Every structure is written in structure tokens, then in C-alpha cells.
Amino acid sequence: RTTVSEVLKSIGVSLLTHFVSNHLEYAIDYYTENRTPLDSRNEPFISPFLTIVGNANITYHSLDKFFNDTLLPSIHSLEVQAEVRRFRQAKMSQVEEKISNEINNSINLIINWIKVILRNRQEKDDFNSLCVAQSCTRACNDVCSFLDNSVINTLKGPVDGDNLEHVMKELGVRFHGALLDHLLSYQYSVVGALQLIQDLHRYKQTIQHLKEPFVDQLFDGLSELCQLLIVEPHKLRDIWDEGSLSKIEHGFLVQFVKLRADYRKCNIQSKLPSYSQHAKQ
């Protein structure tokens, strides 16, 4: 004879199978299989997946409330109740893992597109010019426009809570890494370094929308690094161990200073503190 608890268990299993397996998992799998691959001509389109994420959040919260407030309290058998909890946890974990993997793939697409913009739209002489620019470089404006209009605001709707914080932090950290690698491939005149500072100010305006203090600190560190490109050679020792520069590995600071257009002409190597002097600070 079927008990009330077993009937309620059957209802719970049916709901989870229908809404989680047949609806959410199917949508995620379909998107994953038919996602348009990144190319160098077309901006990645992540809105369809974020719509799925938004629906997943609504479904998750609705099911969670129904199970906790109505279904589980009505199951008097503790054994059956435990079975329902395990089944629900297993189904939800499957969806969460798939969403997490696809969010990571979406961040990959975003960062790779940023790299495409920087590679194709950053002019060779943007940072080695003798003329003061009145605005940010084209590459900077295009990257910030992409992040502002197609990424950050798009993410904020469907992704919420702790998940949003994690995604924003991951996006910001990986963008910082991609930008730093890009900047390390250029040579900088003093005027070019001022152009870089102008670009970084624009990048930081965009990054502030992530609302992640750690990411803000990373970009503040980039701004401090720029001082190594501007200060007069004989004053490099004075700022070497100031602020966040004191926490950066000596070898990397040297690598950054070598980006100066006047590095050889002014024999800057002789004006830098030694590794042992830096390590004592």
C-alpha cells in the first residue's frame, strides 16, 4: 500500500525531473552544443545563456521555497524525507555545475574578445608618441564600450547574490591579466605613458561597475606602475619602494622599467636599486 509520504516523494521527483532535467538541463545542453564560436570579426553574444541563467534562478528559488515550506514538512517519514532531499541536491548540483562551467566559458569568450580588440585596434605608436592626445586610445574606448554595454549590465540581471560577486571578481581579475600582458608588449615615451594613464583612468571607470574592491586594487596597482614610466631616471630609486610598488617582485619592476623608450639612452639600469636593496625593504 502506497503511503502519503511516498506519494509526496513521487510528486517531488516528478517536479525536479520536469523542471530541472527536462527544462533547465536541456536548455543548457542545447546552448552549449549550438554556441557560436568566437571569431575575430564578431562580438560574442552571451545573452541567450544569461536568459537561461535567469530562468534557472527563478526555478531554483521557486522549487526551494515549495520543497522547504510545503512538500518536505508534509512528509512524515524521515527516511523518505531524506531520500527527497538527496534527490533534490543531486539534481540541483548537476545544474549548478553545468551553469558554472558555461559561465566560465562565457568569461573566456569575453576575455578573448577583449584580446582581439586590443590586438587589432591598439596602434603601434599609441604609447610612443611625441604628441599629447586629447582622449583615450581607440582600443581602450572600444574595450570599455564592450564591457559597459554588452557584458557588465547584461550579467547583473540574470546572475545574482554570491554568484554575481564571484563572476564579477573572476571577470575583473582575468581582464586585468589580459590587459597587463597586452601593455607589456609596448614601448613608452613620457607622452605615451601619459596616454596610458589616461587609458587606465577610463578602464578604472568601467571596472568600478564590477563593485569588487580587489579588482579596484589591481587597477590601482597598474596606475602606480605607470609612475615608473614617467618619473625622471634619477628619481626611480625614490619611488621604487613606495606604496604597492614595494609589494611587487623586483624582477617584474625591472621588466616594466625596461619598457621606457629612454631605458638605454639614459642608462637607466645603473640607476635602479639592486635586488638585495629592494628585498631589504
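Since the model is a prediction, treat every value here as computed from it, not as a measurement.

Basis of the calculations
- Residues numbered from 1 in each chain as written.
- Predicted model: local features only at pLDDT ≥ 70, side-chain atom pairs only at ≥ 80, totals over all residues.
- Heavy atoms only, no water.
- Helix = DSSP H or I, 4+ residues; strand = E, 2+ residues; numbered from the N terminus.
- Rg over C-alpha atoms; globule rule 2.2 N^0.38 Å.
- Buried < 20%, exposed > 50% of the residue type's maximum accessible area, 1.4 Å probe, protein only.
- Contact = heavy atoms within 4.5 Å.
- Areas by Shrake-Rupley, 256 points an atom, 1.4 Å probe, with all protein chains shown as cover.
- Lys, Arg positive; Asp, Glu negative; His and termini not counted.
- Charge placed at Lys NZ, Arg CZ, Asp CG, Glu CD.
- Axes fitted to C-alpha atoms, helices over the stretch in contact; angles between N-to-C directions.
- Parallel < 35°, antiparallel > 145°, perpendicular 65-115°, else oblique.
- Nonpolar A, V, L, I, M, F, W, Y, C, P; charged D, E, K, R; others polar.
- Patch = residues over 30% accessible without salt bridge, like charges linked within 9 Å, V, L, I, M, F, W, Y side chains within 5 Å.
- Salt bridge = Lys/Arg side-chain N within 4 Å of Asp/Glu carboxyl O.
- Left-handed = near helix turned anticlockwise from the far one by under 90°.

Chemist: Whenever I open this one, the overall build of the protein confuses me. Can you help?
Modeler: Check the secondary structure of the protein and you find 10 helices and 0 strands. Tracing the protein from N to C terminus, the helices and strands come up as α-α-α-α-α-α-α-α-α-α. Relative to its length of 281 residues, the protein is extended, with a C-alpha radius of gyration of 26 Å against a globular reference of 19 Å. Its C-alpha atoms give the protein principal-axis dimensions of roughly 90 × 45 × 25 Å. Counting across all 281 residues of the protein, residues that qualify as buried make up 42%. For the protein, the share of sequence-separated contacts (at least 6 apart) that also reach a separation of at least 24 residues comes to 77%. Put simply, the protein shows about 15500 Å² of open surface, and 50% of that area lies on carbon and sulfur atoms. Across the protein, 30 positive and 34 negative side-chain charges occur, with their mean positions spaced 4 Å apart.

Chemist: Would you mind showing me how to read the packing of helix H1 (residues 4-34) against helix H2 (residues 47-74) here?
Modeler: Axes are the key here: two packed helices are described by the angle between their axes and the distance separating the axes. Running from N to C, H1 and H2 point in directions that differ by 170°, and their axes come no closer than 11 Å. Classified by the angle their axes make, H1 and H2 are roughly antiparallel. Mapping the contact onto sequence places Leu8, Gly12, Leu15, Leu16, Phe19, Val20, Leu24, Ala27, Ile28 and Tyr31 in H1 and Pro48, Phe49, Ile52, Asn55, Ala56, Thr59, Leu63, Phe66, Phe67, Leu71 and Ser74 in H2. A breakdown of the residues in the contact of H1 with H2 according to their chemical character gives 17 nonpolar, 4 polar and no charged.

Chemist: Help me out: how do you make sense of a nonpolar patch on the surface in this one?
Modeler: Residues Val190, Leu194 and Ile197 make up a contiguous nonpolar surface patch of about 220 Å² in total accessible area. As for its placement among the helices and strands, Val190 is situated in helix H6 (residues 190-207). Exposure remark for Val190: the relative accessible area of 40% places this residue in the partly exposed category.

Chemist: Where do I start with the pattern of salt bridges in this structure?
Modeler: A side chain with one charge can pair with a side chain of the opposite charge if their charged atoms come near. All chains considered together, the criterion is met by 11 salt bridges. Of the charged contacts in the structure, one is a salt bridge between Asp142 and Arg121, with a shortest N-O distance of 3.1 Å. On the criterion of sequence distance, the pair formed by Asp142 in helix H4 (residues 138-156) and Arg121 in helix H3 (residues 78-121) is long-range, its members being 21 residues apart. By relative accessible area, which is 22% here, Asp142 ends up partly exposed. Taking the relative accessible area as the measure of exposure, Arg121 reaches 24% and is therefore partly exposed. Residues Asp142 and Arg138 are paired through a salt bridge, measuring 3.5 Å at the closest nitrogen-oxygen approach. With Asp142 and Arg138 both in helix H4 and 4 residues apart, the pair spans about one turn of that helix. For Arg138, a relative accessible area of 52% gives the class exposed. By sharing partners, the salt bridges in this structure join Glu25, Asp29 and Lys98 into a single network.

Chemist: Is there a simple way to think about the packing of H2 against H3 in this case?
Modeler: Running from N to C, H2 and H3 cross one another at 165°; their axes reach a closest spacing of 12 Å. By the criterion of interaxial angle, the relationship of H2 to H3 is roughly antiparallel. As H2 packs across H3, the resulting crossing turns out to be left-handed. In contact with Phe49, Val53, Ala56, Tyr60, Leu63, Asp64, Phe67, Asn68, Leu71 and Leu72 of H2, H3 contributes Gln81, Val84, Arg85, Arg88, Met92, Glu96, Ile99, Glu102, Ile103 and Ser106. For the contact of H2 with H3, a count of residues per class yields 12 nonpolar, 3 polar and 5 charged.

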